[in-house]
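# An overview of the molecular structure
Spelled out, the chains give:
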Amino acid sequence: MKSRSVSITVLFTMVFSLFALAGFNPQPSSAMSTNLLLGKPYTSSSEADAGYPDTNHKELTDGVEASYLLADPAWQGRFNATSYSFTVDLGKPQTFKNFKTNFYKYTGAGVQTPIQVEFSSSADHSTWITACSVSQQGNAVDVAPVPYRCSAASDITARYVKMTVTSAPGTYSFVDEWEVTPAQVSSSIALSGTFLQPYLANQWTDAEWNTEFQKMKDVGINKLILNWTADSKNKTTVYPTTALAGYTQNTSADLVAKALSKGNIYGVDIYLGLQINQDWFVNYANDATWLSNEANISKALVGDLWTKYGTNRSLKGFYLPFEVDNLNLPSTTEWDRLISFYQTVGSYIKQQSSSMTVMISPFFNSRGQTTANWQTMWEYILSKSPLDIFALQDGIGAGHAETSELDAWFSATKTAINNARPSMQFWDNAETFTDNFKTLDLKTVVADLNAVRPYVSDYISFSFNHYISPQQVNPLYYATYKDYVLSGALDAAAPTTPAHLSGRAVNSDTNLLNWTPSTDNFGIVGYKIYRNNELVWTAYTNATSFTDSQLHSNTSYRYAVQAFDAAGNYSAQSLPVTVTTYAETNYPTNLASGKKYTSTIPTHPSYPDSGGKLTDGAFGTTASWDEAWRGSNAASPYSFTIDLGSSKSIKEVNANFLQAISAGVLLPETVTFSSSSDNISFKQIGIVHKPAVSSSDQTKTYRLTHLSGITGRYVKVTIEPASIAWTLIDEIQVKQ
């Protein structure tokens, strides 16, 4: 067992690294200088549990936000605490208006958000006046911190502030950072620029180019950055070239000419991205020879582009697409190499025209460096680099940051620019997508813009074209955003509640739901499906039906539906309906029992397997360290092939998997079952897509049943993992 515990340590080290890379490390919170509670002690009406203690009664005000991990010691937790409160003495009367506190939700671990949080104030610690309160939040998320925010009707002047938390009995309540801030001057902030990737632009007709630019202009977007004009790894360009030896155009149109011509017509400034190369994300600035060669390619590309397109009045500058971050450039050795690259390329651009600006768009990663390290890095680089625009990615969509972290990182960047290159423009590059590449709700987008407002002079995005444009996503996102730009206020009206929810069983593992559509002042962009009080699916469609598959037979399920709009407003949940799946035909003989199998990838050392673990009849539990599981952290599809010994008639195939999100274990995107008589030519039996599930820890069986006409000696199970995450599989069954 000693070797097993060592392997589990390795597993959790890798899992923690995965989440940290995504930005889930505790870091200084938004904790702006205006947070009046920062660093102040407080009293509490009840002590936190010993397993999740409060550290020195400053954990809520130390400026360190807890992460998405259940074991993060920054959380303090209380079990079965139906009501508890915290009180802070500000030392003297101060004026404030806004309140925010983070709570945690992890349904699978019994951690729920409060039913209500009330904020109050007092001048004498005796008479308390309610400032504002927040009802239960977080019904659309799980395994995540959930902020509770509200504002008083007007400014409050008081010495003492109190937060009172009301929680459901029999649940854990986890709380972390608490902020009290003064009122902020508010007016709408809008995007003025957007990145456009060539693959999308290459799909547009001339009419669609015109429509896109008109839609941009209608909401104040007057800058467009074409992400790249060449790919130096694959030796391709998005325009016709003879100057770059060995390069061929891989687009059907001259995208550079298209962008510049539309910029000329519509008064949009165009910035041309130079080359991309996927090897940047391998080499970074570690290979001086490689980077020097890329600098020479950039020069050749600039020369060619300037010769061909330099007379266009819309051409305002060049963008250097290599995305620099703090994690992969740790020392002055790498910084000096990057400076050499910037000097070579930037100086050459200025030789073509002194009016051409040079833009970069780095991103910060909270793993491995503090904001102070980040500031030091950029002061060093910028003091020696001929760069004009620093467009900092906010990292929200990519998972590098939360809104609450933006203040600290943008402040550090602004200080670096002021100290090293004060003439440089500092722009925000706001991410408008979610981690599953859907459009980010506009409430979050606007909150992100406001968070960086004190530091930047302009707001561009990745990307209006890809995630807000009505030519690319649901037009309601554009309509809602345009209304915000024109009115100065974002839509706050919630959709009506979905009505007349009904359901019926389709077979032993599938239920069908139908409901009457919700209405909204702008329109519905999707529905969230709850099963047994857990969110299991988000549908980005106005369809009023949902098929729930891969369920247990002869089992009752309780459903509810919730509507949401583009702004991020949510309806109440519908009245519930209960549906019971049919009893299934039992296929008692497991043909795979005890059979050996082969795999296209070796077993991971944390989960040793000699070729029998998946067919030994011992099912894994919901614990990721259970020895029954066979684990892989491969990002590409892989397969197992079972030899049944002779050709058999097959009525059902299934495979069992684990989901434990906090440990980085995700269900597969798809599982494909195939059969063969000779282990060479396989015929597909069918594909099972990831079913609707909650975010709680659970096992899930991917099953194809009631099969007809399927025979074979060999059965292959092909797994498509969910990105860079662990996939844990246990039993594979072939039934007759």
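Residues numbered from 1 in each chain as written. Predicted model: local features only at pLDDT ≥ 70, side-chain atom pairs only at ≥ 80, totals over all residues. Heavy atoms only, no water.

Before going further, it helps to examine the overall build of the protein chain. Within the protein chain, the regular secondary structure consists of 12 helices and 35 strands. Taking 736 residues into account, the globule formula puts the C-alpha radius of gyration at 27 Å, and the protein chain, at 28 Å, falls close to it. Over its C-alpha atoms, taken along the principal directions, the protein chain stretches across nearly 80 × 80 × 55 Å. Across the 736 residues in the protein chain, those meeting the buried criterion constitute 55%. Pairs at least 24 residues apart make up 77% of the contacts formed inside the protein chain by residues separated by at least 6 positions. (Helix = DSSP H or I, 4+ residues; strand = E, 2+ residues; numbered from the N terminus. Rg over C-alpha atoms; globule rule 2.2 N^0.38 Å. Buried < 20%, exposed > 50% of the residue type's maximum accessible area, 1.4 Å probe, protein only. Contact = heavy atoms within 4.5 Å.)

Backbone hydrogen bonds hold the strands of a sheet together, and the pairing may be parallel or antiparallel. If you trace the four strands from one edge of the open sheet to the other, you get 23-22-25-26, paired in antiparallel fashion. Pairing within the sheet leaves two strands with one partner each, and these edge strands are strand 23 (534-539) and strand 26 (577-580). For this sheet, the mean inter-axis angle between neighbouring strands, taken without regard to orientation, is 30 degrees. Examined bridge by bridge, strand 22 (residues 526-531) and strand 25 (residues 556-564) share six bridges and lie antiparallel to one another. In the sheet register, Tyr-530 faces strand 25, and the bridge partner there is Ala-560. (Pairing = 2+ DSSP bridges. Axes fitted to C-alpha atoms, helices over the stretch in contact; angles between N-to-C directions.)

What follows covers the pairing of strand 21 (residues 511-516). The pairing of strand 20 (residues 499-505) with strand 21 spans five bridges and is classified as antiparallel. Paired with Gly-503 across the two strands is Leu-513, which belongs to strand 21. Counting the residues between successive antiparallel strands, the hairpin from strand 20 to strand 21 contains five residues. Pairing of strand 21 with strand 24 (residues 545-548), which is carried by four bridges, proceeds in the antiparallel orientation. Each residue of the ladder has a partner; that of Asn-511, found in strand 24, is Asp-548.

Let us now look at the pattern of salt bridges. For the structure shown, the criterion picks out 11 salt bridges. Note that Arg-159 is salt-bridged to Asp-89, the shortest N-O span being 2.7 Å. On the criterion of sequence distance, the pair formed by Arg-159 in strand 6 (residues 144-166) and Asp-89 in strand 3 (residues 83-105) is long-range, its members being 70 residues apart. On the basis of relative accessibility, which here comes to 33%, the residue Asp-89 falls in the partly exposed class. Each of the salt bridges in this network shares a partner with another, and the network as a whole consists of Asp-206, Lys-258 and Lys-262. (Salt bridge = Lys/Arg side-chain N within 4 Å of Asp/Glu carboxyl O.)

Turning next to the confidence of the model for the protein chain. Parts of the prediction with low pLDDT should not have their coordinates interpreted in detail. Mean pLDDT over the protein chain works out to 91, with 94% of the residues at or above the 70 mark. Every residue in residues 1-33 scores below 50 in pLDDT, and together they form 85 contacts with partners more than four places removed in sequence or on other chains. (pLDDT = per-residue confidence, 0-100.)

Our focus in this paragraph is the nonpolar core. Within the largest apolar cluster, 94 residues are counted, with the highest numbers of intra-cluster contacts made by Leu-320, Tyr-342, Trp-378 and Phe-390. A per-element tally of this core places helix 6 (residues 288-309) first, with eight residues. Here Phe-390 is in contact with Ile-360, Pro-362, Trp-374, Trp-378, Leu-382, Thr-413, Ile-417, Met-424, Gln-425, Phe-426 and Trp-427, once residues within four sequence places are set aside. Phe-99, Val-165, Trp-178 and Val-180 belong to the second largest nonpolar core, which has 29 residues in total. (Core = buried A, V, L, I, M, F, W, Y, C linked by side-chain atoms within 4.5 Å.)

Before going further, it helps to spend a moment on the pairing of strand 9 (residues 223-226). Of the two faces of strand 9, the one lined by Lys-223 and Ile-225 and the one lined by Leu-224 and Leu-226 are each fully buried. For strand 8 (residues 193-196) and strand 9, the ladder comprises four bridges, and the chain directions are parallel. If you follow Phe-195 over to strand 9, its bridge partner there is Ile-225. Sheet analysis places strand 9 next to strand 13 (residues 269-273), joined by four bridges and oriented parallel. Counted as the bridge partner of Leu-224 is Ile-270 from strand 13.

What follows is about the state of the cysteines. Applying the stated criterion to the full structure yields one disulfide. Shown here is the disulfide that connects Cys-132 with Cys-150, its sulfur atoms set 2.0 Å apart. One quick way to see it: the torsion about the S-S bond of Cys-132 and Cys-150 is about 65 degrees, and its sign makes the bridge right-handed. A residue pair is termed long-range when its members are at least 10 positions apart, and Cys-132 in strand 5 (residues 129-135) and Cys-150 in strand 6 qualify at 18 residues. The pair formed by Cys-132 and Cys-150 is uniform in burial state, with each residue classed as buried. (Disulfide = S-S within 2.5 Å.)

The end-to-end C-alpha distance of helix 6, which contains 22 residues, comes to 31 Å, matching closely the 32 Å that a straight helix rising 1.5 Å per residue would cover. Of the residues making up helix 6, those classed as buried are Trp-290, Leu-291, Glu-294, Ala-295, Ile-297, Ser-298, Leu-301, Val-302, Gly-303, Asp-304, Leu-305 and Tyr-309. One side-chain oxygen of the residue at the start of helix 6 lies 3.1 Å from the amide nitrogen of Thr-289, identifying that residue as Asp-287. (Expected span 1.5 Å × (residues − 1). Polar contact = N/O pair within 3.5 Å; in protein donor to acceptor, adjacent residues only side chain to side chain.)

Once that is clear, we can look at the sheet that holds strand 11 (residues 236-237). Strand order across the open sheet formed by four strands is 12-11-10-14, with mixed pairing between neighbours. Sheet topology places strand 12 (248-249) and strand 14 (275-276) at the edges, where each strand pairs with a single neighbour.

With that settled, the discussion passes to the packing of helix 6 against helix 7 (residues 332-352). For the pair helix 6 and helix 7, interaxial distance at closest approach is 10 Å and the crossing angle is 15 degrees. Between helix 6 and helix 7, the angle is such that the two are roughly parallel. Here helix 6 and helix 7 pass one another in a crossing that is right-handed. Contact residues: Ala-288, Leu-291, Glu-294, Ala-295, Ser-298, Lys-299, Val-302, Gly-303 and Trp-306 in helix 6; Arg-337, Leu-338, Phe-341, Thr-344, Val-345, Tyr-348, Ile-349 and Gln-352 in helix 7. The class makeup of the residues in the contact of helix 6 with helix 7 is 10 nonpolar, four polar and three charged. (Parallel < 35°, antiparallel > 145°, perpendicular 65-115°, else oblique. Left-handed = near helix turned anticlockwise from the far one by under 90°. Nonpolar A, V, L, I, M, F, W, Y, C, P; charged D, E, K, R; others polar.)

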